[in-house]
Amino acid sequence: TSYNVTGADSERTAFLFNLSTIVMEAQLLGPSNSNFGQYQTYNDPNFGPAFGAGFDLGVNVTGLGSGYAFTSSYGAGHNTPNIFGVASPSTPTAFSVTRVETYTISDAATPEPATFGLCGLALAIGAALTRKRLA
C-alpha cells in the first residue's frame, strides 16, 4: 500500500481525462518537496483506483459504486476546479460509478510520428512497385 511518486518533472507524465466533457488535467509540475504533483496514483488492494493526493479522482472502498474528486495533484492544483469542472476547496465532488477503465500508455507501443510516416511511405512505395510488376 503506497503512493506511486514521481519526483522529477520529466517523470510527471500522468493525466486524467473526462470523456464526457473532453477535459484533460495533467499532473502538476514543480519541486517534488513543495507540491502534491509528485503523487501520481495510490495503490492498495482494498481500495478502488485512486489518482493524486487527496484524491484528485478516487473510487470508494465499499461497494465501488461511488467515487469523489478533489484537486491536489492534477490540473491547476489545490482549490481549483476538479476533473468535473467543480471547485472543490474542502468538499469533494461525489459521483456514481457504473464502470471503471484505466489505461497505461507505453512509449514502446506508440510509434513516433516520423517513424510512422516513413513506414506509411515504405508501404505506399511497395504497393506501387507491386502494381507495376503485375501490369
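What you see is a predicted model, and the numbers here were worked out from it, not measured in a lab.

What about the overall build of the protein chain?
The secondary structure content of the protein chain amounts to 1 helix and 8 strands. Seen in sequence order, the protein chain has helices and strands lined up from the N terminus as β-β-β-β-β-β-β-β-α. The buried share of the protein chain, reckoned over its 135 residues, is 27%. In the protein chain, 45% of the contacts between residues at least 6 apart in sequence involve partners at least 24 apart. Total accessible area computed for the protein chain in this model is approximately 8900 Å², and 61% of it derives from carbon and sulfur atoms.

Some thoughts on the layout of surface pockets
Its boundaries defined by the atoms lining it, the largest pocket holds a volume of some 1200 Å³. Around the largest pocket, the lining comprises 32 residues; the ones closest to its centre are Phe17, Leu57, Glu101, Thr102 and Tyr103. For the lining of the largest pocket, the elements supplying multiple residues, two or more each, are β2 (15–18), β4 (39–43), β6 (57–59) and β8 (93–96). The element that contributes the greatest number of residues to the lining of the largest pocket is β2, accounting for 4 residues. Looking at the lining of the largest pocket residue by residue, the class counts come to 17 nonpolar, 12 polar and 3 charged.

Considering a nonpolar patch on the surface
The grouping of Phe15, Phe17, Leu19, Ile22, Met24 and Ile105 at the surface amounts to a nonpolar patch, some 700 Å² of accessible area in total. Within the secondary structure, Phe17 is located in strand β2.

Side note on the confidence of the model for the protein chain
Confidence in the prediction for the protein chain averages 76 pLDDT; 73% of positions are at 70 or higher. Every residue in residues 130–135 scores below 50 in pLDDT, and together they form 0 contacts with partners more than four places removed in sequence or on other chains.

Description of the sheet that holds β4
With antiparallel pairing, the 6 strands of this open sheet are ordered in space as β1-β4-β5-β6-β7-β8. The open sheet has two free edges, formed respectively by β1 (2–5) and β8, since each of these has just one partner strand.

Some words on the packing of aromatic side chains
Evaluation of the coordinates by the stated rule reveals 8 aromatic pairs. Geometrically, the ring pair formed by Tyr42 and Phe55 is tilted, given 5.3 Å between the ring centres and 40° between the ring planes. Remark: Phe55 occurs in the loop between β5 (50–51) and β6 and Tyr42 occurs in strand β4; sequence separation between them is 13 residues. On the basis of relative accessibility, which here comes to 21%, the residue Tyr42 falls in the partly exposed class. Judged by its relative accessible area of 9%, Phe55 falls in the buried class.

What counts as what
- Residues numbered from 1 in each chain as written.
- Predicted model: local features only at pLDDT ≥ 70, side-chain atom pairs only at ≥ 80, totals over all residues.
- Heavy atoms only, no water.
- Helix = DSSP H or I, 4+ residues; strand = E, 2+ residues; numbered from the N terminus.
- Buried < 20%, exposed > 50% of the residue type's maximum accessible area, 1.4 Å probe, protein only.
- Contact = heavy atoms within 4.5 Å.
- Areas by Shrake-Rupley, 256 points an atom, 1.4 Å probe, with all protein chains shown as cover.
- 1 Å grid on protein atoms, 1.4 Å probe; cavity = no way out; pocket = protein on both sides within 12 Å on 5 of 7 lines; lining within 4 Å.
- Points joined across faces, edges and corners; volume = space filled by probe spheres on them.
- Nonpolar A, V, L, I, M, F, W, Y, C, P; charged D, E, K, R; others polar.
- Patch = residues over 30% accessible without salt bridge, like charges linked within 9 Å, V, L, I, M, F, W, Y side chains within 5 Å.
- Salt bridge = Lys/Arg side-chain N within 4 Å of Asp/Glu carboxyl O.
- pLDDT = per-residue confidence, 0-100.
- Pairing = 2+ DSSP bridges.
- Phe/Tyr/Trp six-rings, centres within 6.5 Å; stacked < 30°, edge-to-face > 60°.

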